[in-house]
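# Structural features, examined
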Amino acid sequence: MKEHAFFIAAALLPVNADLVAEGERIHSYFSELLGRAVKLAAGRVDILPDAVTPYTLKAEQKTGALTRFSFNTEITATETSLSKRQAADFADVTDSVRRLNNDAISATRVIIRYKTKVLNEFLACRLFTFNYPLLIDHIRREALEFLDHLENLERGTPLASDANAVAFWNRIMKEHAEFARGLLDPTEEELIVVADGFAQRFKEMLRLSVTPGKDGQLAANRKAVADFRAFNVQGTEGLLECQIKAVIAPLLADHLIRESDHFLLILDNKI
Ligand SMILES: [Fe+2]
Ligand SMILES: [Fe+2]
């Protein structure tokens, strides 16, 4: 969510300074929430691969230098060095976790309203932004999914069914491939073809995941996500090394790797 606030704020124009400031405030509040989550998690919860990649810190530093946006890289550094679960501390953190979840629920409602406002203003041609409307809609849907997840956690109700989650994330992957295809420089012909191939592949995965039941579908889906993750890694490395021409911030590319990792964990039943 904190990166979403950055993606929106960074693509607005100076004429919308109020919305930029709002995005910065949301970004720094989610940064604070993440800091609290990492502190509570340390030693108690395994930090899974979708939290941070070997590129996250570098991507934050580079993106920060390019945009002057302030990223709290300390949290990322802590996440990178967090050890696995230890049995050292048995302090009851139930109340702290509950407070964190409730603060996250309120903050997610705020970011959903923010995304909705920017999207609606853009669609009504009252505002200009360098983000695709689909990208704003996409990160709005991710926020709604996150809110649903948090509310279910707090209520103690079961999380959404696996089939729904697989369809949701296949659609997300399809859109990531479409964003990559459209944000690459037109001279990056080979990468555009590869990105389009992934868009088509996930279109098919999405179709099959809403009508499941075919043998081998899960394995094919996992393979598609693993291949796409490798493509996201290639893109992140290329952007960080200044070898790829695209209007994609390195942190957006790294964000896509982490969402692929998240989907892989869902497919492997680890979350
Ligand atoms: Fe996202
Ligand atoms: Fe996404």
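Residues numbered from 1 in each chain as written. Chains lettered and ligands numbered in written order. Predicted model: local features only at pLDDT ≥ 70, side-chain atom pairs only at ≥ 80, totals over all residues.

For the rest of this paragraph, the subject is the overall build of the chain. When you go through the chain residue by residue, the secondary structure sums to ten helices and zero strands. A compact globule built from 271 residues would reach a C-alpha radius of gyration of about 18 Å, and the chain, at 19 Å, matches this within 12%. The C-alpha extent of the chain, read off along each of the three principal axes, is 55 × 55 × 35 Å. In the chain, buried positions account for 32% of the 271 residues. (Helix = DSSP H or I, 4+ residues; strand = E, 2+ residues; numbered from the N terminus. Rg over C-alpha atoms; globule rule 2.2 N^0.38 Å. Buried ≥ 20, exposed ≤ 12 C-beta atoms within 10 Å, placed from the backbone.)

This part is about the nonpolar core. Core analysis: the biggest nonpolar cluster contains 50 residues, and A5, I111, M173, A177, A195, F198 and F202 have the highest contact counts within it. For this core, the secondary structure elements donating two or more residues are α1 (2–10), α2 (17–41), α5 (94–123), α6 (133–155), α7 (162–183), α8 (189–210), α9 (217–240) and α10 (250–267). Residues from two domains meet in this core; each of domain 1 (1–47 + 82–156) and domain 2 (160–271) gives at least three. Those residues in contact with F202 that sit more than four places away from it in its chain are N170, M173, K174, A177 and A224. (Core = buried A, V, L, I, M, F, W, Y, C linked by C-beta atoms within 7 Å. Domains from an automatic or database assignment. Contact = placed C-beta atoms within 7 Å.)

This part is about the confidence of the model for the chain. Mean pLDDT for the chain: 93, with 96% of residues reaching 70 or above. For the chain, helix α4 (residues 73–81) is the element with the lowest average pLDDT, namely 85, and α1 is the one with the highest, namely 98. (pLDDT = per-residue confidence, 0-100.)

Along the polypeptide, N170 turns up in helix α7. C-alpha separation for the pair N170 and S209, spaced 39 residues apart in sequence, amounts to 7.9 Å. The contacts of N170, once residues within four sequence positions are left out, are F202, M205, L206 and S209.

Across the nine residues that make up α1, a large majority, seven, are buried. For α1, the full list of buried residues reads E3, H4, A5, F6, I8, A9 and A10.

In this structure, L12 sits in the loop between α1 and α2. In this structure, the C-alpha to C-alpha distance between L12 and I244, residues 232 residues apart in sequence, is 23 Å. In contact with L12, other than residues within four places in its own chain, are L19, V20 and T129.

Here we take up the domain arrangement of the chain. Domain boundaries in the chain define domain 1 (1–47 + 82–156) and domain 2 (160–271). The C-alpha-based centres of domain 1 and domain 2 are spaced at 21 Å. On the side of domain 2, ten residues touch domain 1, which itself brings nine residues to the contact. Within the residue set of the side of domain 1 that touches domain 2, elements represented by two or more residues are α1 and α6. It is α6 that contributes the most residues to the side of domain 1 that touches domain 2, five residues altogether. Class assignment for the residues of the side of domain 1 that touches domain 2 results in five nonpolar, one polar and three charged. (Nonpolar A, V, L, I, M, F, W, Y, C, P; charged D, E, K, R; others polar.)

With respect to the secondary-structure elements, T211 resides in the loop between α8 and α9. On the basis of neighbour counts, which here come to 10 C-beta atoms within 10 Å, the residue T211 falls in the exposed class. Distance in space between the C-alpha atoms of T211 and R98 is 37 Å, their sequence separation being 113 residues.

Turning our eyes to something else, we now look at the packing of α7 against α10. For the pair α7 and α10, the least separation of the axes is 11 Å and the interaxial angle reads 155°. Classified by the interaxial angle, the pair formed by α7 and α10 is roughly antiparallel. In terms of crossing hand, the pair formed by α7 and α10 is left-handed. In this structure, α7 contributes A165, W169, I172, M173 and H176 to the contact, and α10 contributes L256, E259, F263 and I266. Considering only residue class, the contact of α7 with α10 consists of seven nonpolar, one polar and one charged. (Axes fitted to C-alpha atoms, helices over the stretch in contact; angles between N-to-C directions. Parallel < 35°, antiparallel > 145°, perpendicular 65-115°, else oblique. Left-handed = near helix turned anticlockwise from the far one by under 90°.)

Over its 30 residues, α5 extends 43 Å from the first C-alpha to the last, a length consistent with the 44 Å expected when each residue adds 1.5 Å. The inward-facing, buried residues of α5 contact α1, α2 and α6. (Expected span 1.5 Å × (residues − 1).)

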